[in-house]
Each structure stands twice: as structure tokens, then as C-alpha cells.
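# Structural features, examined
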Amino acid sequence: MPECIEWLDDGTTGGSPYSPRFGDRYRSELGGLEQAREVFLKGCGLPAAWAGQPQWRILETGFGLGLNFLVTWAAWKADPLRPRLLHFVSLEAFPASAADVLRSAQTHPELLPFAQQLQAQLWGLLPGFHRLSFEGGQLLLSLCIGDAKAMLREHVFQADSVYLDGFSPQVNPDLWDAHTFKAVARCCRRGTRVATWTVARSVRDALAQCGFVVAKVPGTPPKRDNLQGQYNPAWEPKILRAAPQPLPAGRCIVIGAGLAGAAVAASLARRDWQVTVLDAASAPAAGASGLPAGLIAPHVSPDDSLLSRLSRSGIRAMLQQAGALLQDGGDWSPSGVLEHCIEHTRQLPAAWQAGQPLAEAAHDWTRPATPAQLASCGLPPEAAALWHVKGGWIKPASLVRAWLASPGVRWRGNAEVCQLIREAGAWQALDAAGHTLASAEMVVLAAGHGSLALSEWLGQPLALQAIRGQASWGLHTAGSAQAMPAYPVNGNGSLVPAVPLDDGLAWVTGSTFERDSVRLAPRPSDQEHNLGKLQTLLPQAAQALAPQFGNGQAQAWVGVRCATPSRLPALGALSPSDQPGLWVCSGMGSRGLSFAALCAELLAARLHGEPLPIEQRLADALLPPYAAAAAAAAAGN
């Protein structure tokens, strides 16, 4: 559950927030606005220090009620010399509720517009990283929920500024000890500015022990002194895993105009890259991304597995992108998804159960379906089912087109890349006749199963498997529309019950799952298979749609998806060290809508030395096998 906060009546709007857990106030007696501005923002030399920079990375040790973030956001927004991209990474073991965050900002009307946007994204804060996106993706907040030391171990980036904040060392000593500061130091470069409001001797000694040079400066009333300094150890720090050096924006070729390729192109374009997207087809989303409509719904497991955690991060990223780029109700709908657990009951983690500490945050994602939800699907009240609150449907092709329309992205069809040759520091993409299609410093293979041939030609074969899928779809008749559930349902196959198309309202169900097949011709037997699965999933809907299958009105759509042996995407550098600038983003299987936006942001973060949108160990699980071995060796594992 969210952290319990008491609001003390001190005569201010909303009152003064107080933590019973720590027996301390969240902000000083005179309010937190001046502390945020004077102690942290100005204490780190901002906004002057970030002027003209392509990006700036701030690390904060205690998010609290988000006041430091809101003040920094406002300063960034008002600065004509602001960096193109601002990363704000904040740690929090006991997150406050969205309502309390908004209430805290009511004392400062100038921050309310920012606080309202923040409140809208403060949901589902389970342990781990949560990437929140603002200002068209130019301001990124990474909320890291959990013990500060554990969260810091999952980061590999170099902060430009550090806000040391949290409840006082007297009541929360673990946040201010040398072990925490050592973890903070691993995220610093020489010269990283650090600021805090406490001048406790124990804090100064611990910071000095970890390589920070700090000094007392005049404080903000009622504090007499504050602390400022920088990371400048007298020794050469031992680097366990070096943070990647940021690449300057340049030219990039993305091969493949499906979800993966379009997402990568858009993420790089937001960072000022000039991106050329090449595809063998005559139109974008001509492959597996051409499905009339697909579902997004998180994966759940009793141990909250790697796939489960990645799916939630991916869906959060996708919801942000779809909400910003697509028409609600026309191109997508965050309607929620009911999962009918046919083969076996999906067990939720024990910590998610009612009355447990994580229940409220977990229920923002997934909860048991209610009898009313089951009844609306024509299912009996005893049916095993889950309700995925943040699920929904999306037209993948609409999203692909929106991403490809990003400034800085140029799409070119009928451009099949057969060879990649590196000459004079740049990659040349050649067609079958040896003609140059495009030239750039970097290439990303994102052509699904089509990436396999190029990786083999380069001598770096990827473990990619073709997965043929046939879905069934059709336009509703008057009788069928009334028999549909109010929202999508998945389980043994899936049904998207109402997709608006130019010709009318459509349904989509399926699909088949056939390994090692690239045949695109529809099969009548697969249509029968899809109807059979629907009869098990939703008997009432299947009965209403059966006549369309019987008279041939049900249409077939066939696409070839691409999967890896781990059933996780493949995301990482592909080229050997003597041929840099070759990456892969592929292998998303049937979860392209869940993974594309996340993988694109992860690729961009790795290129630019940014904080990663997910924990390091989750990101490493997506590396191609040879890249994973190299990363493990570099980390000393």
C-alpha cells in the first residue's frame, strides 16, 4: 500500500506532510519550495551547468513527494538553454500515493500543472524501475522503488548532478551511510556536483570516505548551513562495470519498418539522429505488424518472473506512446483485458494478495475478474479469470505510421537490404545488385525473422525462429455485435471484439502458432482452429461468429513473427569491436506491442550513456548470447 502520510495543520494549503514511519516531516517547517530551489537546484549549479548540453542526468536518493523533481522540471521548462533531454533518476523505498503527491504541490500553485501530469502516471509502483515520460519524451523520470543500495546496484550511468535527500540521518541512517554513498559514487564522474541540506558530521565523513569533496555553505532558513561539493577522489576509482560513453547523434539506418524498426527510429529521432528506415515491402507494417488489431496485456506469474516484469515495463512505455500518438477509440483503446484462464489458473505473487503490502500497486495492473466482468463475457461466475487494468487493443500499423512520421525519420520502401559493408567509418546498405541504398554510421537490424539472413552474412548469426500466425477477422453483423464482450479477452487465443475499420466495425480472433514456417498463404484448417479456440475461450461470442466462418465471410490474415529461444527480445550490439555501430532489435514474438517501445528506449539509452529504463539485470537478459558473454566478462562475473 502507499506510504501512510499524516497531514499536520500548520495553516498552509493542504497542511504539512508528516511520516509516522520515520517520525519526521517531509519538508522543512517553512515549506519545501525554497529548499528544493536553493539546496538542490542551485546547490548543483543548475540551471547554468546544463546550458547547451545535449542531455543532463540527475540522481536523487529520496523522491518523497516529488517536490525536487517538480522544481527541476519547472526550471528546465523555463530555460531557453535547457538540454534537449533531461533524465531524473530518483530512489524511493516507500512511495507516497499519487493523491498525496498532488496535495503536497497545492501549496505551490506554479507547480500544480506539473504535479497533475505527474499524478496521472503514479500508478502501479511495484518494486523495481518505472520510467515516466513527459514533454514529448524529452523529460524522463525513472522512479526506482526499493532499497536505495539495491536500486543503485542496478544502474550503470554517470550522473551529472546528485541530490542527496531523504529523512534525517538520525531517523533513517541507512540512507546516509558510507555503503549508500559508495553506490552513489559508482554513478558519478569526476566533477559530478552533489548537494544536500544536512551537514551532519557522520554524513560529511562518509562522503569524504567515498571520494566526495564537500564543504558547508550558508543554509536556507531555518537551516544555518547546507552541504555542497563534487565527486573528486584522490585515487583512481576501480570500475567494476564502466558506464557507456555517449555517442553523438548522427545518421542511422534501420532495416525493417514494423513495430521494432519504427519504434527505434522514433526513439533515435527524439535524440536528434537522422534515421533512414529501409524495408523490402512497398508499405510500412507489411509483415507481422500488419495485424488488424493486437492486444497488450501484462504477463503474470507466481514468482513475478523476468518476462512478467519486462512486460509491465513494456506496457507502461507503450501506453505512453499510444496515448501521445494515437486516436483513442479509433487507433487504440486502453479498455482493459480479461484473461480467461482456461488451461490453468494464473497464480498471482503472494505479495499481491489482498491485505499484503503490494496489493494496491499490483491491483493497478492485474486483479481477479469480478462476477460482473465475467457475466458481460457470457462466462459463469466460477470461471477462473484475471482483469488486466492497463490492457487494451492497438492497431499496430497506425502506431508504425505515427512513429515513422517523427521529424528526422525518412522511410523508404521496396528497398531490400542484402549486404552490409563498412567503409570509411560508415555502413553501406546494398541491394541485391550491389547498389547503395543508404549510408550511415550506425545500423539497426529490426526486420524480424528477416534479420537472420543479414546476421548470418555478417558472420554473427542470431538465434531467431520464424513463428507463422494466422488470425481470423470479419465485419460484424447486427446479430454478432450484440453478443460480443465489452472489452478484449485473451487466454486460449484472443478476441478483440470491436475494431473500427473504414468498412465498419470488425472483430479479430486467433491466432495460430506454427514454428519454423514462413508460408503466407491462408489455410482453411487454421480458420477452423481459430474458431475452435474461440469456442473454448468465449462460447457465446463463438456461437455468434460461427456463421461467418461457415459461409466464408470470416477473413484470414497471416504473418510471420520472430522469436528467440528465451522468448525474450534480442536487443544489443551485434558487430565485433573492429566494426562498431551494428545493433539488433528483434525477436519479440507475439509481444511486439508490449516490447517495441521499451526496447527502442533501451537501445537509445545504451547508445547515449543514459540511465536505463529497466534494471541492469533485466536489460542484460535481452542481450544476444555473444553480447551477454562479453558483458558478463566486463562485469567480472
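Throughout what follows, the structure given in this document is the object of discussion. (Residues numbered from 1 in each chain as written. Predicted model: local features only at pLDDT ≥ 70, side-chain atom pairs only at ≥ 80, totals over all residues. Heavy atoms only, no water.)

### Details of the overall build of the protein chain
The helix and strand tally for the protein chain stands at 19 helices and 32 strands. For 637 residues, the compact-globule estimate of 2.2 N^0.38 gives 26 Å, and the C-alpha radius of gyration of the protein chain, at 26 Å, lies within 12% of that figure. Within the protein chain, contacts between residues at least 6 apart in sequence are counted, and of these 72% link residues at least 24 apart. Only carbon and sulfur atoms are counted for the fraction: they give 53% of the accessible area of the protein chain, which is about 25,200 Å². Both charge centroids of the protein chain, one from 49 positive and one from 50 negative side chains, sit 4 Å from each other. (Helix = DSSP H or I, 4+ residues; strand = E, 2+ residues; numbered from the N terminus. Rg over C-alpha atoms; globule rule 2.2 N^0.38 Å. Contact = heavy atoms within 4.5 Å. Areas by Shrake-Rupley, 256 points an atom, 1.4 Å probe, with all protein chains shown as cover. Lys, Arg positive; Asp, Glu negative; His and termini not counted. Charge placed at Lys NZ, Arg CZ, Asp CG, Glu CD.)

### Structural notes on a positive patch on the surface
Taken together, Arg153, Lys182, Arg186 and Lys238 make up a surface patch of like positive charges. On the secondary structure map, Arg153 appears in helix 5 (residues 148–153). (Patch = residues over 30% accessible without salt bridge, like charges linked within 9 Å, V, L, I, M, F, W, Y side chains within 5 Å. Salt bridge = Lys/Arg side-chain N within 4 Å of Asp/Glu carboxyl O.)

### Some remarks on the pairing of strand 23 (residues 436–440)
When strand 22 (residues 426–430) meets strand 23, the two strands line up antiparallel, connected through four bridges. From the neighbouring strand, Gln428 faces strand 23, where its bridge partner is Ser439. (Pairing = 2+ DSSP bridges.)

### Quick word on the state of the cysteines
Here a disulfide denotes a covalent bond joining the sulfur atom of one cysteine to the sulfur atom of another. Taken as a whole and assessed by the stated rule, the structure comprises zero disulfides. The thiol of Cys44 is not disulfide-bonded; the next cysteine sulfur, from Cys188, is found 9.9 Å away. With a relative accessible area of 0%, Cys44 lands in the buried category. For Cys144, which is in no disulfide, the shortest distance to another cysteine sulfur is to Cys187 and amounts to 9.5 Å. (Disulfide = S-S within 2.5 Å. Buried < 20%, exposed > 50% of the residue type's maximum accessible area, 1.4 Å probe, protein only.)

### Notes on the pattern of salt bridges
Summed over all chains, the structure comprises 22 salt bridges. For Arg523, the salt bridge identified is with Glu514, shortest N-O distance 2.6 Å. Assessed through its relative accessible area of 26%, Glu514 is described here as partly exposed. Taken together, the shared-partner salt bridges connect Arg270, Arg271, Glu601 and Glu610 into one network.

### Observations regarding the pairing of strand 4 (residues 55–60)
Most of strand 4 is tucked away, with six of its six residues classed as buried. Judged by which residues are buried, strand 4 turns out to be covered on both faces: Gln55, Arg57 and Leu59 on one side and Trp56, Ile58 and Glu60 on the other are all buried. Pairing geometry for strand 4 and strand 5 (residues 85–92), over six bridges, is parallel. In the strand pairing of strand 5, Trp56 is matched with Leu86. At this point the chain moves from strand 4, through helix 2 (residues 67–78), to the parallel strand 5, and the crossover so formed is right-handed. As judged from the three bridges shared by strand 4 and strand 8 (residues 159–164), these two strands associate in the parallel manner. (Right-handed = clockwise from strand over helix to strand, strands pointing away.)

### Side note on the packing of aromatic side chains
Counting across every chain of the model gives 16 aromatic pairs. Note on Phe212 and Tyr231: the rings are 5.1 Å apart at their centroids and 55 degrees apart in plane angle, and the pair reads as tilted. Here the residue Phe212 occupies a position in strand 10 (residues 212–218), and Tyr231 occupies one in strand 11 (residues 225–231), the gap between them amounting to 19 residues. An aromatic cluster is present here, built from Phe40, Phe63, Phe69, Trp73, Phe88, Phe114, Phe134 and Tyr163 joined pairwise through their rings. The ring centre of Trp76 lies 5.0 Å from the NZ or CZ of Arg82, which sits over that ring. The ring of Trp123 has Arg316 lying over it, and the distance from NZ or CZ to the ring centre is 4.1 Å. (Phe/Tyr/Trp six-rings, centres within 6.5 Å; stacked < 30°, edge-to-face > 60°. Lys NZ or Arg CZ within 6 Å of the ring centre and 35° of its normal.)

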